[in-house]
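Observations on chain architecture
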Amino acid sequence: MKPSGQEAPNLVDTPPNISNDSSASEKGEATSQQQSNNGYALTVDEVIEQHIGALGFAQIVHALLVSIAWTFDAQSTLISIFSDAKPAARLIETGAILEGSMLCGLSTGEWDWVGGKGDTIVSEWNLICRHKFLVALPSTLFFIGSLFGSGVYGYLADKWFGRKKTLFISCLLTFVTALAISFSPNIWVYAFLRFANGFFRSGIGSCCIVLATEVVGKKWRGQVGQYGFFFFTLGFLSLPLMGYLERKSWRNLYRITSLLPLGYAVFLLPFAYESPRWLLVKGRNKEAMVVLKKLARRNGKQLPAELSLVDPIEGRDDPTSSSSENFWRTKWAVKRIVMVMLAGFGTGFVYYGIQLNAENLNFNLYLTVAVNALMEFPAVFIGSFLLGVMNRRPLFSNSSYLAGICCLLCAVLSLHRVTRALPASKWLQLAVEAVGFMASSTAYDVLYVYGVELFPTNVRNFSVSLLRQSFMLGASAAPLLVALGRESAMMSFIVFGVASMLSGVVSLWLRETRDAPLYETLTQQGKAEELEKETEHS
């Protein structure tokens, strides 16, 4: 991926000594160039496009640096595939492998776990038979924790700490709770700590994608937003390897993964930049300009000495101004976030459900998870390419439809009559499931980028966090369906398929954002979109 060699032209070609009485753009955007006696002012978008470059070396390094944290997000989320899996059991007398509910009619002296009691939480705490549904409790609570944590972190990142500090806090607390999990004495403490881990790690994803995309030009937002999902894939792909190496101890698996976010927060994150858009919205104009100057310098450019930034909040000291905007009193924003969250619920339900449902395929668990993880790579690269040439809305909806169709095909291929009539059905089911997971992953990634572009800077992290909450709410329901799938794999795939297709339908009510500017405030964006509608109708 290479940035465009051309810089965006100046929007207004006027000398710097023009009076500052020029009116703001009717489109609701901040004035393109506010002139003053000492120089001229530009919006952050204009500074990036005209003077820094839409995508240069500095932005690529910054995006990669903040996106690394997605690795730990993936490991925290998906580690339960191995730590909470049901291992093989056997008859002590004959060595025969026992499956499903066959264990329930046997006394404890007639069978044992093949790998020993420390393999997973199921074998250590005997979560079988009448206790089997307790296996779903920790994962469900993890996603519920993520649900609540996303809202808290979104508020902190927008109103108080900014994106960078919030990311640091999230990584640090992810380390603490993941390490604590490894010392859990029973299923109840384990489930509570999984809830805490889900709560504290939920700030990683939303902060990463917002930090990465707020410093690039509008042409490259979609592609840069995909960097995080590449690292999420690396984290996902690392789990089968670590899970296999630590297959005798689920506790050691948690200890290893807990150290990574700590190292990142201490040694790498300090080199990332705070979002200049957030700094500007908070009135910290000088700090925002410092960040922009550093980006320009690392791109081999220099900002004009007379350049300043347009304050996106008019009458900042006036309590009735846009600085006191209320998200929930802005009708267009509320309607939009409801649609986004409905789409996010179905997408998160299917995306995480397919991964957790890997154990219900008639295949080796490590191989199935590795195949799913590998399918994330084409999803990221295909998604990056398509985001550059397709509109967001049809890309998301079509990906959701494809994932739904594949899930329904997996339901058909799981029927006993099909497996008996078609010897290769196991391989075919794995292939269809992998394609479905790739499509679901693409839909998940695209919706994240879409969510960033649908809302302005002063509520962007909060909005993305609400989207993440909907992902987690869907994900929290997935383990229960996976537990049901142990009895009926067909039913679980049917539900996943229908949910995915409904998510695609819901997105039809969202506006298109490809090549649209990133606005700074709710008022600014509302006026611009209102004028856009009037222009379309006229």
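Coordinates for the structure precede this section.
A short tour of the structure in this document, coming up. (Residues numbered from 1 in each chain as written. Predicted model: local features only at pLDDT ≥ 70, side-chain atom pairs only at ≥ 80, totals over all residues. Heavy atoms only, no water.)

**Topic: the overall build of the protein**
Each helix and strand in the protein was counted, giving 22 helices and six strands. For the protein, buried positions account for 57% of its 538 residues. In the protein, of all internal contacts separated by at least 6 residues, the share reaching a separation of at least 24 is 79%. Surface exposure of the protein reaches about 22300 Å², of which carbon and sulfur atoms provide 63%. (Helix = DSSP H or I, 4+ residues; strand = E, 2+ residues; numbered from the N terminus. Buried < 20%, exposed > 50% of the residue type's maximum accessible area, 1.4 Å probe, protein only. Contact = heavy atoms within 4.5 Å. Areas by Shrake-Rupley, 256 points an atom, 1.4 Å probe, with all protein chains shown as cover.)

**Quick word on the environment of Leu172**
As for its placement among the helices and strands, Leu172 is situated in helix H7 (residues 162–181). With 93 residues separating them in the primary sequence, Leu172 and Ala265 have C-alpha atoms 6.7 Å apart.

**Focus: the side chain of Asn299**
On the secondary structure map, Asn299 appears in the loop between helix H14 (285–298) and strand S6 (307–309). Of the residues examined, Asn299 reaches a relative accessible area of 18% and is grouped as buried. In this structure the side chain of Asn299 is engaged in a polar contact, spanning 3.1 Å, whose partner is the backbone nitrogen of Phe57. A distance of 2.8 Å separates a polar atom in the side chain of Asn299 from a polar atom in the side chain of Gln59. Not counting residues within four places of it along the chain, the set of residues in contact with Asn299 comprises Ile52, Gly56, Phe57, Ala58 and Gln59. (Polar contact = N/O pair within 3.5 Å; in protein donor to acceptor, adjacent residues only side chain to side chain.)

**Observations concerning the nonpolar core**
In this structure, Leu167, Ile209, Phe327, Tyr352 and Tyr448 are the most contacted members of the largest nonpolar core, which totals 131 residues. Contact partners of Ile209, with chain neighbours within four places excluded, come to Trp70, Gly225, Phe229, Tyr448, Val449, Val452 and Val464. If you look at the next biggest cluster of nonpolar residues, it comprises six residues, including Cys410, Ala411, Leu413 and Phe493. (Core = buried A, V, L, I, M, F, W, Y, C linked by side-chain atoms within 4.5 Å.)

**A closer look at helix H12 (residues 250–267)**
Here H12 spans 27 Å end to end across 18 residues, near enough to the 26 Å set by a 1.5 Å rise per residue. For H12, the full list of buried residues reads Trp250, Arg251, Leu253, Tyr254, Thr257, Ser258, Pro261, Tyr264 and Ala265. Seen end-on, H12 carries its buried residues on one side only, within an arc spanning 155 degrees. For H12, the exposed residues set more than 90 degrees away from the buried face come down to Leu259 and Phe267. (Expected span 1.5 Å × (residues − 1). Arc of directions from axis to C-beta.)

**With respect to the pattern of salt bridges**
Counting across every chain of the model gives 15 salt bridges. Between Arg277 and Asp45 there is a salt bridge, with its nearest N and O atoms 2.5 Å apart. Here Arg277 is found in helix H13 (residues 276–281), whereas its partner Asp45 is found in helix H1 (residues 44–52), with 232 residues between them in sequence. Accessibility expressed as a relative area gives 16% for Asp45, which makes it buried. By sharing partners, the salt bridges in this structure join Asp158, Arg163, Glu214 and Arg460 into a single network. (Salt bridge = Lys/Arg side-chain N within 4 Å of Asp/Glu carboxyl O.)

**A closer look at a nonpolar patch on the surface**
Together, Tyr155, Trp160 and Phe161 line one region of the surface with nonpolar side chains, adding up to about 360 Å² of accessible area. Among the secondary structure elements, Trp160 is positioned in the loop between helix H6 (136–159) and H7. (Patch = residues over 30% accessible without salt bridge, like charges linked within 9 Å, V, L, I, M, F, W, Y side chains within 5 Å.)

**Thoughts on helix H3 (residues 70–78)**
With nine of nine residues buried, H3 lies mostly within the body of the structure. Of the positions making up H3, those classed as buried are Trp70, Thr71, Phe72, Asp73, Ala74, Gln75, Ser76, Thr77 and Leu78.

**Some details on the state of the cysteines**
If you walk through the whole model with that rule in mind, you get one disulfide. At a sulfur-sulfur separation of 2.2 Å, the disulfide partner of Cys104 is Cys129. Its torsion about the S-S bond being -115 degrees, the disulfide of Cys104 and Cys129 is classed as left-handed. A residue pair is termed long-range when its members are at least 10 positions apart, and Cys104 in the loop between strand S4 (97–98) and strand S5 (111–113) and Cys129 in the loop between helix H5 (121–125) and H6 qualify at 25 residues. Given a relative accessible area of 42%, Cys104 falls into the partly exposed group. Note on Cys171: no disulfide assigned, nearest cysteine sulfur contributed by Cys208 at a separation of 6.8 Å. You can call Cys171 buried: its relative accessible area is 0%. In this structure Cys410 is not part of a disulfide, and its nearest cysteine sulfur, from Cys407, lies 6.3 Å away. Since its relative accessible area comes to 1%, Cys410 is described here as buried. (Disulfide = S-S within 2.5 Å.)

**Concerning the packing of H3 against helix H11 (residues 227–245)**
Remark: H3 packs on H11, axes separated minimally by 7 Å, with the N-to-C direction vectors making an angle of 45 degrees. Compared by their axis directions, H3 and H11 come out oblique. In this structure, the crossing between H3 and H11 has a hand that is right-handed. Contact residues: H3 offers Trp70, Thr71, Asp73, Ala74, Gln75 and Leu78, while H11 offers Gly228, Phe229, Phe231, Phe232, Gly235, Phe236, Ser238, Leu239 and Met242. Classifying every residue of the contact of H3 with H11 gives nine nonpolar, five polar and one charged. (Axes fitted to C-alpha atoms, helices over the stretch in contact; angles between N-to-C directions. Parallel < 35°, antiparallel > 145°, perpendicular 65-115°, else oblique. Left-handed = near helix turned anticlockwise from the far one by under 90°. Nonpolar A, V, L, I, M, F, W, Y, C, P; charged D, E, K, R; others polar.)

**Looking at the sheet that holds strand S3 (residues 89–91)**
Pairing within the open sheet is antiparallel, and its three strands lie in the order S4-S3-S5. The open sheet has two edge strands with one neighbour each: S4 and S5. With three bridges connecting them, S3 and S5 associate as antiparallel partners. Bridge pairing links Arg90 to Asp112 in S5. (Pairing = 2+ DSSP bridges.)

**Details of the packing of aromatic side chains**
Inspection of every chain in the model, using the stated rule, returns 33 aromatic pairs. Measuring from ring centre to ring centre gives 6.1 Å for Trp328 and Phe462, while their planes differ by 85 degrees; the resulting arrangement is edge-to-face. Pair noted here: Trp328 is in the loop between S6 and helix H15 (331–356) and Phe462 is in helix H20 (residues 457–485), with a separation of 134 residues, a long-range link. We classify Phe462 as buried; its relative accessible area is 15%. With centroids separated by 6.3 Å and ring planes inclined at 0 degrees, the aromatic side chains of Phe345 and Phe349 adopt a geometry described as stacked. Of this pair, Phe345 and Phe349 both sit in helix H15, separated by four residues, roughly a single helical turn. Judged by its relative accessible area of 33%, Phe345 falls in the partly exposed class. (Phe/Tyr/Trp six-rings, centres within 6.5 Å; stacked < 30°, edge-to-face > 60°.)

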